[in-house]
Number of protein chains: 2
Amino acid sequence: MDLMTSVPSDLALPHPQRAEMRIEAVLHALADPVRLTIVRALARAPQGISCGAVNLPVSKSTVTHHMRILREAGVIRTQPVGTSRISTLRRDDLDALYPGLLDGVLAAER
Amino acid sequence: MDLMTSVPSDLALPHPQRAEMRIEAVLHALADPVRLTIVRALARAPQGISCGAVNLPVSKSTVTHHMRILREAGVIRTQPVGTSRISTLRRDDLDALYPGLLDGVLAAER
DNA sequence: ACCGTACTACGAGATTAGTCGAACTTCGAT
DNA sequence: ATCGAAGTTCGACTAATCTCGTAGTACGGT
């Protein structure tokens, strides 16, 4: 008990504000096949989904790594819900900063 | 004379066809600051420009490397003209495959 | 024919990325 | 209170990437 390691309300993970997002980071985040799979899944689930719900060909710790890249680039927003973390696409911010980019990426057949 | 190392008409460098382009490669090509500078310069010069005309903070051989990444991803088209190589943005192909992507990237302030 | 310009090719070095397993935390349920 | 499920953290390893300098090729002009 005693030292209850702080911040019970700010359980949230660090997200860049819209003004802090950089195009290189966003493009780099999108340029990986695993992360692209995640982004496509999120695009199909506007209410958000948990990392583990995406069936990916990599280990759990690797998924965590990819979620972090996406989050820190500003591509997704993640919030803790129970024992899970629900992520959503930051469509509004992406569309505001780079209009057409996300739709263009999602339009890709291959 | 004799063995005139072939293909005098196909001096062109290898370019992927539209159908061969992959979104990951395009995004990766765009996700580098030096290459983004090149792409922005090309966007401002529809008639095309030579690699050396872009004032970049890297060596000549590094520029060659970046041009190759862009070319092999299908982002630019390069053709030899005299002792130079003129490159242009493959806007038509990019817009057809990923509508909005290029404009979104070029819209980025930062 | 020679020289300079404009690149490309080829290692080599250093940095970054993607991957994993093992150990740890947190929450919810039994 | 204990357990399991869901994620994270922490090295470690490998592969890819960016960078450079040197050397080489190709073309155009003197």
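Everything numeric in this text was worked out from a predicted model, so none of it was measured. (Residues numbered from 1 in each chain as written. Chains lettered and ligands numbered in written order. Predicted model: local features only at pLDDT ≥ 70, side-chain atom pairs only at ≥ 80, totals over all residues. Heavy atoms only, no water.)

### A look at the interface of chain B and chain A
Okay, so step 1: At the interface, 26 residues of chain B touch 26 residues of chain A.
Okay, so step 2: For the pairing of chain B and chain A, the buried interface totals around 1,700 Å² over both sides, and the portion due to carbon and sulfur atoms is 67%.
Okay, so step 3: The largest per-residue losses of area from chain B upon contact with chain A belong to Glu24(B), Leu27(B) and Arg110(B), which jointly make up 32% of the total buried on that side.
Okay, so step 4: Our count for the chain B to chain A interface comes out at zero salt bridges.
Okay, so step 5: At the boundary of chain B with chain A, the tally comes to zero residue pairs in polar contact (both at pLDDT 80 or more).
Okay, so step 6: For the side of chain B that touches chain A, the secondary structure elements donating two or more residues are α1 (23-30), α2 (33-44) and α5 (101-107) of chain B.
Okay, so step 7: The residue inventory of the side of chain B that touches chain A, partitioned by class, reads 15 nonpolar, three polar and eight charged. (Contact = heavy atoms within 4.5 Å. Buried area = accessible area lost by both parts, 1.4 Å probe. Salt bridge = Lys/Arg side-chain N within 4 Å of Asp/Glu carboxyl O. Polar contact = N/O pair within 3.5 Å; in protein donor to acceptor, adjacent residues only side chain to side chain. Helix = DSSP H or I, 4+ residues; strand = E, 2+ residues; numbered from the N terminus. Nonpolar A, V, L, I, M, F, W, Y, C, P; charged D, E, K, R; others polar.)

### Topic: the relation of the copies chain B and chain A
Okay, so step 1: Between chain B and chain A, which share one sequence, the superposing operator has a rotation angle of 180° and an axial displacement of 0.0 Å; the RMSD is 0.0 Å. Classification of the inter-copy transformation places it as that of a two-fold axis.
Okay, so step 2: Most of the interface of chain B is mirrored in chain A, where 100% of its interface residues again form contacts. (Least-squares fit on C-alpha atoms with pLDDT ≥ 70 in both.)

### Brief notes about the protein's contact with DNA strand C
Okay, so step 1: Around DNA strand C, the surrounding shell holds 19 residues, and the nearest of these are Ser59(A), Ser61(A), His66(A), Ser50(B) and Thr64(B).
Okay, so step 2: Of everything in DNA strand C that lies within 4 Å of the protein, sugar and phosphate atoms constitute 64%.
Okay, so step 3: Contact between DNA strand C and His66(A): a phosphate oxygen at 2.4 Å from a side-chain N or O atom of the residue.
Okay, so step 4: Ser50(B) has a polar side-chain atom sitting 3.2 Å from a phosphate oxygen of DNA strand C.
Okay, so step 5: A total of four residues in the surface near DNA strand C trace back to one element, the largest contributor, which is helix α3 (residues 60-73) of chain A.
Okay, so step 6: When its residues are assigned to classes, the surface near DNA strand C shows two nonpolar, 13 polar and four charged. (Near = heavy atom within 4 Å.)

### Remarks on the layout of surface pockets
Okay, so step 1: Within this model, the largest pocket holds a volume of roughly 440 Å³.
Okay, so step 2: What lines the largest pocket is a set of 21 residues, and nearest its centre among them are Cys51(A), Lys60(A), Val63(A), Thr64(A) and Met67(A).
Okay, so step 3: If you tally residues by element for the lining of the largest pocket, the top one is α3(A), at seven residues.
Okay, so step 4: Reported here for the second largest pocket is a volume of approximately 320 Å³.
Okay, so step 5: Around the second largest pocket, the lining is made up of 17 residues, and of these Cys51(B), Lys60(B), Val63(B), Thr64(B) and Met67(B) lie nearest the centre.
Okay, so step 6: Within the residue set of the lining of the second largest pocket, elements represented by two or more residues are α3 (60-73) and β3 (84-89) of chain B.
Okay, so step 7: Counting residues per element, the lining of the second largest pocket draws most heavily on α3(B), at six residues. (1 Å grid on protein atoms, 1.4 Å probe; cavity = no way out; pocket = protein on both sides within 12 Å on 5 of 7 lines; lining within 4 Å. Points joined across faces, edges and corners; volume = space filled by probe spheres on them.)

### Some points on the protein's contact with DNA strand D
Okay, so step 1: The immediate surroundings of DNA strand D are formed by 19 residues, with Ser50(A), Thr64(A), Ser59(B), Thr62(B) and His66(B) found nearest.
Okay, so step 2: Between a phosphate oxygen of DNA strand D and a side-chain N or O atom of Arg85(A), the distance comes to 3.1 Å.
Okay, so step 3: Of all the elements in the fold, those that place two or more residues in the surface near DNA strand D are α3 and β3 (84-89) of chain A together with α3 of chain B.
Okay, so step 4: Ranked by residues supplied to the surface near DNA strand D, first place goes to α3(B) with four residues.
Okay, so step 5: Class assignment for the residues of the surface near DNA strand D results in two nonpolar, 13 polar and four charged.

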